[in-house]
Amino acid sequence: MKKIVRFGVSMDEGLIERFDRSIKEKSYENRSEAIRDLIRKELVEEEWSLAKEIAGGITIVYDHHQRQLANRLLSIQHDFHDLIVCCQHVHLDHHNCLEVMVVKGKPEGVRELFNKLRALKGVRHIGLVKSTTGRELV
Ligand code: NI
């Protein structure tokens, strides 16, 4: 069983009052879980900056009627086949498609993939969720 460590933190009263309001809105039951999540978020950012193996998601919304876009998108996905774990395509309406790609690998590869997709003409929105393989997080 993992050992739990308690520690005290000193801060300005106004800051902790604001933090308490913020975590209440997010439905945290106590400060400890909110602070643990903040620490994990920081550590995941560090994983992305230290070129470790990361996991995440890319969402992309585009008009499939845009000339050549679907072909270019497919071609880029094949170039990065070692990074893309899976891909889900949703036909949102007559024009718009949503694709969700789960990615795992080196962060620089994921960034390169993201930038190539973002540069495609006809992309209406693209998002990147920086997550983790979870191996180094408790
Ligand atoms: Ni579609």
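Look up a bit, the structure's there.
Starting afresh in each chain, residues are numbered from 1 along the sequence in its written order. Local features in this predicted model are restricted to residues whose pLDDT is 70 or higher, and side-chain atom pairs enter the listing and the counts only when it is 80 or higher, whereas totals over whole chains, interfaces and linings include all residues. Side-chain metrics in this entry use all non-hydrogen atoms of the structure; hydrogen atoms and water are not considered.

Undergrad: What's the story with the overall build of the chain in this structure? I'm lost.
TA: We count a stretch as a helix when DSSP gives it H or I for four or more residues in a row; a strand needs E for two or more, and each element gets its number in order from the N terminus. A count of helical and extended segments in the chain gives four helices and four strands. For the chain, whose C-alpha radius of gyration is 20 Å, the value lies well above the compact-globule estimate of 14 Å for 138 residues. Overall size of the chain, expressed as C-alpha extent along the three principal axes, is 60 × 30 × 25 Å. Think of it in three bands: residues with accessible area under 20% of the maximum for their type are buried, residues over 50% are exposed, and the middle band is partly exposed, with areas taken using a 1.4 Å probe on protein chains only. By the burial criterion, 28% of the 138 residues in the chain qualify as buried. Within the chain, contacts between residues separated by at least 24 positions form 68% of all contacts whose residues are at least 6 apart in sequence. Summed over all atoms, the accessible surface of the chain reaches about 10100 Å², with 52% contributed by carbon and sulfur. For this measure, only C-alpha atoms enter the radius of gyration; the expected value for a globule follows 2.2 Å times N^0.38, where N is the number of residues. We call two residues contacting when some pair of their heavy atoms lies within 4.5 Å. Accessible surface area values rest on a Shrake-Rupley calculation with a 1.4 Å probe, where residue burial reflects the displayed protein chains alone.

Undergrad: Would you take a moment to explain the packing of helix 1 (residues 13-25) against helix 2 (residues 31-49) for this structure?
TA: The description of two helices packed together rests on the angle between their axes and the distance between the axes. Lines are fitted to the C-alpha atoms to define the axes, a helix being fitted only along its stretch in contact, and any angle between axes, read from their N-to-C directions, falls within 0 to 180 degrees. Relative orientation of the contacting elements helix 1 and helix 2 amounts to 90°, with a least axis distance of 10 Å. Classed by the angle they form, the pair helix 1 and helix 2 counts as roughly perpendicular. Along the contact surface, helix 1 presents Ile 16, Phe 19, Asp 20 and Ile 23, while helix 2 presents Arg 31, Ala 34, Ile 35 and Leu 38. Note on angle classes: values under 35 degrees are labelled roughly parallel, values over 145 roughly antiparallel, values of 65 to 115 roughly perpendicular, and the remainder oblique.

Undergrad: Please explain the pairing of strand 1 (residues 54-63) as it appears in this structure.
TA: Every other side chain in a regular strand lies on the same face of the sheet, so the side chains alternate between the two faces. In terms of burial, strand 1 is largely enclosed, as eight of its 10 residues are buried. By the convention used here, strands pair only if DSSP detects at least 2 bridges between them. Here 10 bridges tie strand 1 to strand 3 (residues 96-105), and the two strands are oriented antiparallel to one another. When the bridges of strand 3 are listed, Tyr 62 appears paired with Cys 97. Strand direction decides the pairing type here: strand 1 and strand 4 (residues 123-131), joined by eight bridges, are antiparallel. Each bridged residue has a counterpart across the sheet, and for Tyr 62 the counterpart in strand 4 is Val 123.

Undergrad: Please clarify how the coordination of the nickel ion should be interpreted in this entry.
TA: Any two of four tetrahedral donors ideally make an angle of 109.5 degrees at the metal, while pairs among six octahedral donors ideally make 90 or 180 degrees. Note: metal donors comprise N, O and S atoms at 2.8 Å or less from the metal (3.2 Å for Na, K and Ca); water molecules are not included, so apparent gaps in a site are possible. Of the protein atoms, only His 89 (NE2), His 91 (ND1) and Cys 97 (SG) coordinate the nickel ion, at distances of 2.0 to 2.4 Å. The sequence pattern describing where the donors of the nickel ion fall on their chain is H-x1-H-x5-C. A relative accessible area of 64% means that His 91 is categorised as exposed.

Undergrad: Where do I start with the nonpolar core in this structure?
TA: Side chains that are nonpolar tend, in soluble globular proteins, to be buried together. The criterion is simple. A nonpolar core is a set of buried Ala, Val, Leu, Ile, Met, Phe, Trp, Tyr and Cys residues joined through side-chain atoms within 4.5 Å. Judged by nonpolar contacts, the single largest core of 23 residues is most densely connected at Ile 58, Ile 60, Val 110, Leu 113, Leu 117, Leu 120 and Ile 126. Secondary-structure elements contributing two or more residues to this core are helix 2, strand 1, helix 3 (69-79), strand 3, helix 4 (107-118) and strand 4. Filtering out sequence-adjacent residues up to four positions away, Leu 117 remains in contact with Ile 58, Ile 60, Leu 73, Ile 76, Met 101, Val 123 and Ile 126.

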